[in-house]
Amino acid sequence: MAEYVAFNAQHAIDYIKNLVTKDGYDLFDPDQTLSAYEFGDGNLNLVFRISDEQNNSVILKQALPYARCVGESWPLTLDRARIEAEVLLNHSALSPDYTAKVLHHNPEQALTILEDLGHLQILRRAQINAEQFPLLGQHVAHYLSHTGFYNSDFYLTAQDKKAKVSQFTNPELCQITEDLFFNDILREHERNNYPSELQSTVSKLQNNAALHLAIAKLKAKFLSCPQTLLHGDMHSGSIFVDQNTTKMIDPEFGFFGPVGFDIGSFIGNLLLNYCAQNARINEFVSRRNYHSHLLTCLQESYTLFEQQWLTLIAEQTTDNNLKAAGYGEYFMQQVLQDAIGYCGTELIRRTIGLAHVADIDGIEDEQARLEVQRHTLALGEQLVLNAHTCNSKEAFFSLLISQLN
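Residues numbered from 1 in each chain as written. Predicted model: local features only at pLDDT ≥ 70, side-chain atom pairs only at ≥ 80, totals over all residues. Heavy atoms only, no water.

## Here we look at the UniProt feature "binding site: ATP" (unreviewed entry) in the protein
Then step 1. This chain's UniProt record puts "binding site: ATP" (unreviewed entry) on N45, K61, E115, D116, L117, D250, P251 and E252.
Then step 2. Exposure remark for D250: the relative accessible area of 24% places this residue in the partly exposed category.
Then step 3. Setting aside its immediate chain neighbours within four residues, D250 contacts K61, E84, H231, D233 and S238.
Then step 4. A polar contact is formed between the side chain of D250 and the side chain of K61, at a distance of 2.6 Å.
Then step 5. Among the structural elements, P251 can be located in the loop between β11 (246-248) and β12 (255-257).
Then step 6. For P251, the residues in contact, after removing those within four places along its chain, are I83, E84, V87, L88 and H231. (UniProt positions renumbered as here; feature names shortened; annotations may be inferred. Buried < 20%, exposed > 50% of the residue type's maximum accessible area, 1.4 Å probe, protein only. Contact = heavy atoms within 4.5 Å. Polar contact = N/O pair within 3.5 Å; in protein donor to acceptor, adjacent residues only side chain to side chain. Helix = DSSP H or I, 4+ residues; strand = E, 2+ residues; numbered from the N terminus.)

Structure below.
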């Protein structure tokens, strides 16, 4: 077994050359000269782009044994690279049009080689600039419904499901999610990060007993409800897009958890951008039109996600008990309420927790930024508190509109 080595650009080139010349990987012409540079701007990993003289390229991603954003004082398992590669392979088999393609994986070096999606944009950056993607909701709905259903008890045998739960057990990164989503936002903690002007708002939120109870229920389901293989980090920085294409990347937080978590996280990021645009788009009609686009995307993504799940349940369920009349609708009602709750926690934790979003942090006017942050906290709190009252997507959309106006 080769000893793990954290790569630099030359390591990346040498590794690729070895794959091409010795192992026969069809990544580049063996006679081409390769170049590489490291461009990772994420919190955890090294990311290299390796190119030849004809501008063909691949991405090499390597996990570090610690959180890059903090340093060696925050050690992390290298097994997350295996988790990420295997989630991508699993999801690619079920939703290939919307999943980044894995070309090679080496668990010993905690690295994965992926198709280069550099011709696309990161969704977050594009949405900060108020760019519209009419197919986004449709694509995300397909990805989440199909990867969700075919990894669930509706489709898998009990033995296969339990084997996959074991395969994708991811305790260290799940602990990060548990802390950032559920623990830190309800207490004073050194990881939390928010301006002093928000202290009274944050204190009121953290002293809300009803909110504590609602988040306890959400955390309990996150901890003990392995419904399907989740992406686990379904934010707008993990999605590449153009007008016709959507690709999901970076599922290193993947594990078996509640179906509502990923769709709730995605919707939460749409709402973070919606709130941020109140301070970014000055012209009323332009702002209204972009807000309308975001709400259409949100409604379409959840509506199609629900419809596709119900169709798959009706047509593809292999467990006779789960075919019982009305069970699919009951299940999806629970998913909806979970999704609303996780959406709310995403809004709160991205505002006062460790990991913020550029949609809001990039607002230059301090007072305008504070108003946006107050809005996201209030919206997140109301979604968490009222999730249990939404028995249909229509009720959710009505609740949302009442809080956004």
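Resuming the write-up.
## Structural notes on the nonpolar core
Then step 1. Core analysis: the largest hydrophobic core is formed by 59 residues, its most contacted members being F266, L271, F305, L383 and F396.
Then step 2. Of all elements in the fold, only α3 (123-128), α4 (136-149), β10 (239-241), α9 (260-277), α10 (284-316), α11 (327-352), α13 (366-386) and α14 (393-404) reach the threshold of two or more residues within this core.
Then step 3. When sequence neighbours within four positions are dropped, the list of residues in contact with F396 reads I267, L298, L336, I340, L383 and C390.
Then step 4. Counting 22 residues, the second-largest nonpolar core is a separate cluster that includes L198, L211, A214 and I352. (Core = buried A, V, L, I, M, F, W, Y, C linked by side-chain atoms within 4.5 Å.)

## Here we look at the environment of R287
Then step 1. For R287, the position within the fold is in helix α10.
Then step 2. Spatially, the C-alpha atom of R287 lies 7.0 Å from that of Q277, the residues being 10 residues apart in sequence.
Then step 3. Once residues within four sequence positions are removed from consideration, R287 is found in contact with Q277, N278, I281 and N282.
Then step 4. Here the side chain of R287 touches I281 through a polar contact of 2.7 Å, landing on its backbone oxygen.
Then step 5. For R287, the side chain forms a polar contact with the main-chain oxygen of N282, separated by 3.2 Å.

## Regarding the pattern of salt bridges
Then step 1. By the definition in use, this model includes 19 salt bridges.
Then step 2. Note that K221 and D338 form a salt bridge whose closest N and O atoms lie 3.2 Å from each other. Of this pair, K221 sits in helix α8 (residues 209-224) while D338 is found in helix α11, placing the two residues 117 residues apart along the sequence.
Then step 3. Accessibility expressed as a relative area gives 10% for D338, which makes it buried.
Then step 4. Among the charged side chains, a salt-bridge network with shared partners connects K61, R80, E84, D250 and E252. (Salt bridge = Lys/Arg side-chain N within 4 Å of Asp/Glu carboxyl O.)

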